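Structural characterization, general
Listed below are the residues making up each chain.
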Amino acid sequence: MTSRPILALTIGVGLVVAACGGGDSIQVEDAWARTSASMQDTGAVYMTIVGGAETDDLIGVSVDSSVAEMAQLHMTEMAEGDDGSEVMSMHPVDEIAIAPGEQVSFGPGGYHIMLMPLAEPLVNGSEFDLVLDFTNAGSITITVEVRED
Amino acid sequence: MLVVLGLIVAGCSEPTLAGIVREPPPAVSEISLPDMATGGEEFSTTAEPGGLLLVYFGYTNCPDICPTTMADLRKALTDLGDGVERIEVAMITVDPERDIPDRLVAYIQSFFDDGHALRTEDPAKLRTAADAFGVSYEVTTGESGVTEVAHSAFLFAVDATGHIVVQWPFGTTWQDIRDDLDKLLKKET
């Protein structure tokens, strides 16, 4: 019977830790890339970055040459075409600020890490490593899951 | 009187679609481009009777928008069930220089087995096709020598009369596309 208060206390502590947004360090969640289509020689990696205790900046990315020749921070956004109509265009981004506890989503139509050109097709179910460079947190290696989605 | 009533009833039963319906529906029946999937035969951007033709302007080196749209469309068609056999998909490359025929065919058919791969090396012909759909595109070479492509990111549905009946902007969920296709197919029958 004495175990119940301890259990309750443990759960309580767990909730408090969870509420703090995963602690002091920056977190990267759900990193994935879409299975590449035939002949598609570029790829995009998506993820969610959760800020740590202090503001940090994502300043670079790199990937092993067995995956792609280069990796680059990119953003897709709506721009104005020559005729004034809306077009989607992509451009490299030098850095992305991550505020404390902030969730920054990388997803289709927004921030992504562009892989170009791919060394091999991205095969459903496979994984590869990617290195994210932050000003304060330094280099963090993450595992990217390849899926159809 | 009966005719008038009939028209009113028909007017009320127009399905509400999640995508954008342009009024009047733009006609694209005059547009035809060589289909690399059939050795370059001219392919008209008009659906078969009772069917729908889905048209997308994109390019195979596109890492983000195009594969996301194609993957979402594949999900919509896989989940659609009855009537899916009346839908055809065509991709028109806005980057014909890099999208050589075999490459374009392999790309679109990795999403859709019978996908049409439309490509022309005549810039005026491509521009005419894009204008008919209301599509803008621009292929430029950036400072670093990397080719950059900006393009309208709509997926279009064309009916058997060659009119655009709906267009979905990027970001439309695959479920909305599926539901719109379902409604449109019921209307086509």
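Starting afresh in each chain, residues are numbered from 1 along the sequence in its written order. For naming, the first written chain is A and the first written ligand is 1, with later ones following in the order written. Reporting of local features is limited, given that this is a predicted model, to residues whose pLDDT is at least 70; pairs of side-chain atoms are given and counted only at 80 or more, and all residues count toward the totals for whole chains, interfaces and linings.

1. Looking at the nonpolar core
For the record, the criterion: When buried Ala, Val, Leu, Ile, Met, Phe, Trp, Tyr and Cys residues are joined through C-beta atoms within 7 Å, the set is termed a nonpolar core. Using C-beta atoms placed from the backbone, we call a residue buried if 20 or more other C-beta atoms fall within 10 Å of its own, exposed if 12 or fewer do, and partly exposed for counts in between. Remark: residues whose backbone-derived C-beta atoms lie within 7 Å of one another are considered to be in contact.
Counting 58 residues, the largest nonpolar core has L52, L54, V55, F156 and V158 of chain B as the members making the most contacts within it. Excluding anything up to four places from it in sequence, V55 of chain B contacts T45, A90, I92, F133, F156 and V158 of chain B.

2. Quick look at the packing of helix α2 (residues 65–80) of chain B against helix α5 (residues 174–188) of chain B
Residues and elements named next belong to chain B. Here is the rule we go by: Under this scheme, a helix contributes an axis fitted over its contacting stretch, all axes are lines through C-alpha atoms, and angles between N-to-C directions fall in the 0 to 180 degree range. Numbered from the N terminus, helices here are DSSP runs of H or I no shorter than four residues, and strands are runs of E no shorter than two. Here the word oblique covers every angle except those under 35 degrees (roughly parallel), over 145 (roughly antiparallel) and from 65 to 115 (roughly perpendicular). A crossing counts as left-handed when the near helix is turned anticlockwise from the far one by less than a right angle, and as right-handed when that turn is clockwise.
Taken N-terminus to C-terminus, the directions of α2 and α5 make an angle of 50°; their axes are 8 Å apart at the nearest point. In terms of their interaxial angle, α2 and α5 are classed as oblique. Between α2 and α5 lies a crossing whose hand is right-handed. For the pair α2 and α5, the contacting residues are D72, L73, K75, A76, D79 and L80 in the first and W174, I177, R178, L181 and D182 in the second.

3. Structural notes on the confidence of the model for chain B
All names here are of chain B. How we decide: Each residue gets a pLDDT score, which is the predictor's confidence in that residue and runs from 0 to 100.
Of all residues in chain B, 93% have pLDDT values of 70 or greater, and the mean over the chain is 91. Note on residues 1–12: pLDDT is under 50 here. Beyond four places in sequence and across chains, it has zero contacts. As a predicted assembly, this complex carries a pTM of 0.86 together with an ipTM value of 0.84.

4. Overview of unusual backbone geometry
Here the residue pair M116 of chain A and P117 of chain A is connected by a cis peptide bond, since its omega of -25° sits within 30 degrees of zero. Structurally, P117 of chain A is set in strand β8 (residues 111–118). Each neighbour pair has its own omega, and for E23 of chain B with P24 of chain B the value is -10°, a cis peptide bond. With respect to the helices and strands, the residue P24 of chain B is situated in the loop between α1 (2–12) and β1 (32–35). Located in the positive-phi region is D30 of chain A, a residue other than glycine, with phi close to 45°. The residue D30 of chain A is located in strand β1 (residues 27–34) in this model. In this structure, M39 of chain A is a non-glycine residue whose phi angle is positive, near 75°. When the 19 C-beta atoms within 10 Å are taken as the criterion, M39 of chain A is described as partly exposed.

5. A few points about the environment of V149 of chain B
Residue and element names in this part refer to chain B. Considering the arrangement of structural elements, one finds V149 in strand β7 (residues 147–151). With 55 residues separating them along the chain, V149 and V94 place their C-alpha atoms 8.3 Å apart. Setting aside its immediate chain neighbours within four residues, V149 contacts Y59, C62, V94, D95, Y137 and V139.

6. Focus on the pairing of β7 of chain B
Residue and element names in this part refer to chain B. Which entries qualify depends on this criterion: Pairing between strands is defined by DSSP: at least two bridges between them are needed.
Across five bridges, the pairing between strand β6 (residues 137–141) and β7 is antiparallel. If you follow T141 over to β7, its bridge partner there is T147. Count of turn residues in the β6/β7 antiparallel hairpin: five residues, of which G145 carries a positive phi of about 90°.

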